[in-house]
Amino acid sequence: MSNIVIYHNPSCGTSRNTLAMIRNSGEVPTVVEYLKTPPSRATLVKLVADAGLSVRDVLRIKGTPYEELGLGDPKWTDDELLDFIGQYPILMNRPIVVTPLGTRLCRPSELVLDILPRPQQGPFVKEDGEVVVDAEGRRV
């Protein structure tokens with residue numbers, strides 16, 4: 001087991017591609033399916049800070065109750081937005097990856113390559129057919 005953690009949603013193609021790139025580097029990450037096991041508020045605050053993001057940056061709009069809850073309204077404070085994420089974990093954008101080299105919201109998925117401690121072990125093609133890493137393990 002490596003010291004890499006991915007906050008993952010197996011229903012999300014971006015998240016699946018990110019996890020596959022981590023594994024393509026030879027790492028075996030800790031996979032946290034955050035819809036089943038949401039991060040604590042303190043963990044979420046740390047993830048957001050370590051990634052250099054705002055709470056709003058980690059809010060997911062598509063396929064969530066974001067619009068229904070009116071979360072685009074600037075009246076909501078970070079604390080209130082964190083409460084909403086705690087109540088509706090689907091509001092947390094994914095995947096968030098933590099490695100010894102940093103924490104990143106990996107959208108697009110190839111952003112994970114910037115924080116992996118080991119290089120890719122071979123070619124990688126996303127689920128949609130996009131080539132990300134060539135046969136020599138180099139980013140395309």
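Cut-offs and rules
- Residues numbered from 1 in each chain as written.
- Predicted model: local features only at pLDDT ≥ 70, side-chain atom pairs only at ≥ 80, totals over all residues.
- Heavy atoms only, no water.
- Salt bridge = Lys/Arg side-chain N within 4 Å of Asp/Glu carboxyl O.
- Helix = DSSP H or I, 4+ residues; strand = E, 2+ residues; numbered from the N terminus.
- Patch = residues over 30% accessible without salt bridge, like charges linked within 9 Å, V, L, I, M, F, W, Y side chains within 5 Å.
- Areas by Shrake-Rupley, 256 points an atom, 1.4 Å probe, with all protein chains shown as cover.
- Buried < 20%, exposed > 50% of the residue type's maximum accessible area, 1.4 Å probe, protein only.
- Arc of directions from axis to C-beta.
- Contact = heavy atoms within 4.5 Å.
- Core = buried A, V, L, I, M, F, W, Y, C linked by side-chain atoms within 4.5 Å.
- Axes fitted to C-alpha atoms, helices over the stretch in contact; angles between N-to-C directions.
- Parallel < 35°, antiparallel > 145°, perpendicular 65-115°, else oblique.
- Left-handed = near helix turned anticlockwise from the far one by under 90°.
- Nonpolar A, V, L, I, M, F, W, Y, C, P; charged D, E, K, R; others polar.

## A word on the pattern of salt bridges
So, point 1. In total, this model carries 12 salt bridges according to the counting rule given.
So, point 2. Measuring nitrogen to oxygen at the nearest pair gives 3.2 Å for the salt bridge that ties Arg41 to Asp79. Taken together, the positions of Arg41 in helix H2 (residues 41-50) and Asp79 in helix H4 (residues 78-87) put the pair 38 residues apart, joining distant regions of the chain.
So, point 3. Residues joined by salt bridges that share partners form a network here, namely Arg41, Asp79 and Asp83.

## Details of a nonpolar patch on the surface
So, point 1. A contiguous nonpolar surface patch, about 270 Å² in accessible area, is contributed by Val125, Val131 and Val140.
So, point 2. Within the element layout of this structure, Val140 appears in the segment after strand S6 (131-133).

## Observations concerning H2
So, point 1. Buried within H2 are the following residues: Leu44, Leu47 and Val48. Down the axis of H2, the buried set is contained in an arc of 95°. They therefore lie on one face. Opposite the buried face of H2, by more than 90 degrees, sit the exposed residues Ala42, Lys46 and Ala49.
So, point 2. Among the structural elements, strand S1 (5-8), H4, strand S3 (96-99) and strand S4 (102-105) are those in contact with the buried residues of H2.

## Some points on the nonpolar core
So, point 1. Of all hydrophobic cores here, the largest spans 20 residues; its most connected members are Tyr7, Leu71, Ile85, Leu91, Met92 and Ile96.
So, point 2. Looking at this core, the elements with two or more residues in it are H2 and H4.
So, point 3. Of all the elements, H4 adds the most residues to this core, at 4 residues.
So, point 4. Residues contacting Ile96, with those up to four places away along its chain left out, are Val5, Ile6, Tyr7, Leu47, Val58, Thr103, Arg104 and Leu105.
So, point 5. Membership of the second largest hydrophobic core comes to 14 residues, among which are Ile4, Ile22, Phe124 and Val132.

## Topic: the packing of H2 against H4
So, point 1. Taken N-terminus to C-terminus, the directions of H2 and H4 make an angle of 120°; their axes are 11 Å apart at the nearest point. The angle between the axes of H2 and H4 places the two elements in the oblique class. Crossing handedness for the pair H2 and H4: right-handed. Contacts from Arg41, Leu44 and Val45 of H2 reach H4 at Asp79, Leu82, Asp83 and Ile85.
So, point 2. Counted by class, the contact of H2 with H4 contains 4 nonpolar, no polar and 3 charged residues.

Note that every value here comes from positions in space, so none of it alone points to a role or purpose.
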